[in-house]
Amino acid sequence: MNILNGISLGVVVALLPAALVGQLMQALQASFPPAAQIIMMTNFAMSLLPAIAAFCVGMQFKLNPIQTSAVAIAAMIGSGVMTQSDKQFLLQGTGDIINTGVTIALAVGVALFVGNSFKNYTILLLPLLVIIIAGGAGLLLLPSVKLVATSIGAIITHITALQPLLMGALMGISFAVLIVSPISSVGIATAIGLMGISSGSANLGITAGSFMLAVYGSSVNHIGTTLAHFIGSPKIQMGNMLRKPHLFVPLMINAGIMGLLGALFEIKGTPMSAGFGFSGLIGPLTAYHAMQGTALNIVVLCVLFVILPVILAYISKYIFIERLKWVAPQDLLLEI
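Reading the values: the criteria
Residues numbered from 1 in each chain as written. Predicted model: local features only at pLDDT ≥ 70, side-chain atom pairs only at ≥ 80, totals over all residues. Heavy atoms only, no water. Helix = DSSP H or I, 4+ residues; strand = E, 2+ residues; numbered from the N terminus. Rg over C-alpha atoms; globule rule 2.2 N^0.38 Å. Buried < 20%, exposed > 50% of the residue type's maximum accessible area, 1.4 Å probe, protein only. Contact = heavy atoms within 4.5 Å. Lys, Arg positive; Asp, Glu negative; His and termini not counted. Charge placed at Lys NZ, Arg CZ, Asp CG, Glu CD. Axes fitted to C-alpha atoms, helices over the stretch in contact; angles between N-to-C directions. Left-handed = near helix turned anticlockwise from the far one by under 90°. Nonpolar A, V, L, I, M, F, W, Y, C, P; charged D, E, K, R; others polar. Core = buried A, V, L, I, M, F, W, Y, C linked by side-chain atoms within 4.5 Å. Domains from an automatic or database assignment. Buried area = accessible area lost by both parts, 1.4 Å probe. Salt bridge = Lys/Arg side-chain N within 4 Å of Asp/Glu carboxyl O. Parallel < 35°, antiparallel > 145°, perpendicular 65-115°, else oblique.

1. Brief notes about the overall build of the chain
Next, step 1: Scanning the chain from terminus to terminus reveals 14 helices and two strands.
Next, step 2: For the chain, whose C-alpha radius of gyration is 21 Å, the value lies close to the compact-globule estimate of 20 Å for 336 residues.
Next, step 3: Each principal axis of the C-alpha atoms in the chain carries an extent, and together these give about 65 × 50 × 40 Å.
Next, step 4: For the chain, with 336 residues in total, the buried portion stands at 48%.
Next, step 5: Pairs at least 24 apart in sequence give 76% of the contacts found in the chain among residues at least 6 apart.
Next, step 6: Considering the chain, the positive charge centre built from 11 side chains and the negative charge centre built from 6 side chains are found 7 Å apart.

2. Let's talk about the packing of helix H4 (residues 65-79) against helix H5 (residues 97-114)
Each pair of packed helices can be described by the angle between their axes along with the distance between the axes.
Next, step 1: The contact between H4 and H5 brings their axes to 8 Å, and the two run at 150°. Considering the relative orientation of H4 and H5, their crossing is right-handed. Between H4 and H5, the contacting residues are Gln67, Val71, Ala74, Ala75, Gly78 and Ser79 on the first element and Asn99, Thr100, Thr103, Ile104, Ala107, Val108 and Ala111 on the second.
Next, step 2: Of the residues assigned to the contact of H4 with H5, the class counts are seven nonpolar, six polar and no charged.

3. Let's talk about unusual backbone geometry
Next, step 1: Of note in this structure, Glu266 is not a glycine but carries a positive phi near 55°.
Next, step 2: Among the secondary structure elements, Glu266 is positioned in the loop between helix H12 (248-264) and helix H13 (282-289).

4. Let's talk about the nonpolar core
Next, step 1: With 30 residues, the main nonpolar core has Ile7, Val11, Val71, Ile104 and Val130 as its most contacted residues.
Next, step 2: Within the residue set of this core, elements represented by two or more residues are helix H1 (2-28), helix H3 (49-60), H4, H5, helix H6 (122-162) and helix H8 (185-192).
Next, step 3: In terms of residue count, the dominant contributor to this core is H5 (seven residues).
Next, step 4: Each of two domains, domain 1 (1-145) and domain 2 (162-335), supplies a minimum of three residues to this core.
Next, step 5: Val180, Ile192, Met241 and Ala274 belong to the second largest nonpolar core, which has 28 residues in total.

5. Regarding the environment of Ile282
Next, step 1: Looking at the secondary structure, you find Ile282 in helix H13.
Next, step 2: Among the residues examined, Ile282 registers a relative accessible area of 1% and is labelled buried.
Next, step 3: Each C-alpha atom of the pair Ile282 and Met272 lies 9.3 Å from the other, and the pair is ten residues apart in sequence.

6. Some words on the domain arrangement of the chain
Next, step 1: Split into domains, the chain comes out as domain 1 (1-145) and domain 2 (162-335).
Next, step 2: Measuring from the centre of the C-alpha atoms in domain 1 to the corresponding centre in domain 2 gives 29 Å.
Next, step 3: Summing both partners gives a buried area of about 1300 Å² for domain 1 against domain 2, and 78% of it is carried by carbon and sulfur.
Next, step 4: Between the two partners, domain 1 and domain 2, sit zero salt bridges.
Next, step 5: Breaking the side of domain 1 that touches domain 2 down by element, the ones donating at least two residues are H1 and H5.
Next, step 6: Class assignment for the residues of the side of domain 1 that touches domain 2 results in ten nonpolar, four polar and no charged.

7. A closer look at the pattern of salt bridges
Next, step 1: Taken as a whole and assessed by the stated rule, the structure comprises one salt bridge.
Next, step 2: A salt bridge links Asp331 to Lys244, with the nearest nitrogen and oxygen atoms 3.7 Å apart. Highlighted residues: Asp331 in the segment after helix H14 (295-323) and Lys244 in the loop between helix H11 (238-243) and H12, separated in sequence by 87 residues.

8. A closer look at the packing of helix H9 (residues 196-216) against helix H10 (residues 223-231)
Next, step 1: As a packed pair, H9 and H10 sit with axes 8 Å apart at the nearest point and diverge in direction by 170°. The orientation of H9 relative to H10 falls into the category roughly antiparallel. Contacts from Ser210, Phe211, Leu213 and Ala214 of H9 reach H10 at Thr226, His229 and Phe230.
Next, step 2: A per-class count over the contact of H9 with H10 returns four nonpolar, three polar and no charged.

9. Brief notes about the environment of Leu332
Next, step 1: Here Leu332 lies in the segment after H14.
Next, step 2: Classification of Leu332 as buried rests on a relative accessible area of 0%.
Next, step 3: Beyond its immediate sequence surroundings of up to four residues, Leu332 is in contact with Leu213, Tyr216, Gly217, Val220, Asn221, Gln237, Asn240, Leu247 and Val327.

10. Quick notes on the environment of Gly95
Next, step 1: Following the sequence through the fold, Gly95 ends up in the loop between strand S2 (88-91) and H5.
Next, step 2: With a relative accessible area of 26%, Gly95 lands in the partly exposed category.
Next, step 3: Considered as a pair, Gly95 and Phe118 are 23 residues apart in the sequence and their alpha carbons are 33 Å apart.
Next, step 4: Aside from chain neighbours lying at most four places away, what touches Gly95 is Ser79, Gly80 and Val81.

Right, here's the structure in full:
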């Protein structure tokens, strides 16, 4: 749980800046010269994902600065984000997030096992052991893990092309469940390279779940907390969802409907946008950039990302709360 939560935080910190302004800065480069520098800075932040995730995991485990630094170095090595060319180190992309998680887990294990065993020599020997053992293991595992992850992404993309409606619904359901679980939806989407309709449907599924949970708990939660479900992340309901699994039933229904509609209207996304849903307008903005910028398409996106999810949320509330009494608003109460 510490590793999953730490990586989830790292993914948001490292990827959110580029996801928020990347497309906009690309469009403004010709008329706004500083846009190129902003793109460079946010892309650099993306490449630091392994180190940032390691730092967040270190905080979860309450590691000391020496241990955390060593884990971060090992994560950068094992992630594959760094390559060497002509005696220069090059950073590219975010690395393989799954292998990053494996490397961080190994590095934390070594750091905790060694502890302060070497007394005054800890600062000299602990980083060396963590880097060589965990970083080296990460490098050895990287090709195999990367092959598995890319194969999963390729299979999903291929099946989506063959059965877009079915896979759209399944992607919507899967990512709506992931977003309220301890697992990072963004991390999974990035790890398997979720693209195209699969990515767009995943975002619509998350969006449907976000609005549904906000509407369900609106009578017992403060307005700020209610808005945080879709402006921020529905993951704030993770505790309630895990304690009361029956909440997943209406969530999956709404997410499946919106995921299917996303496939029907060919809403698309990228590996970097999938998993965010409505948060930061990343899902709708990425979908907009994948479409022709017509007034009709803007209306379609507004309907799919706002109007329909809200309508479905109120219909679902009427059925599951008012008629069936399956869910109570108190089930969604957040003490924040």
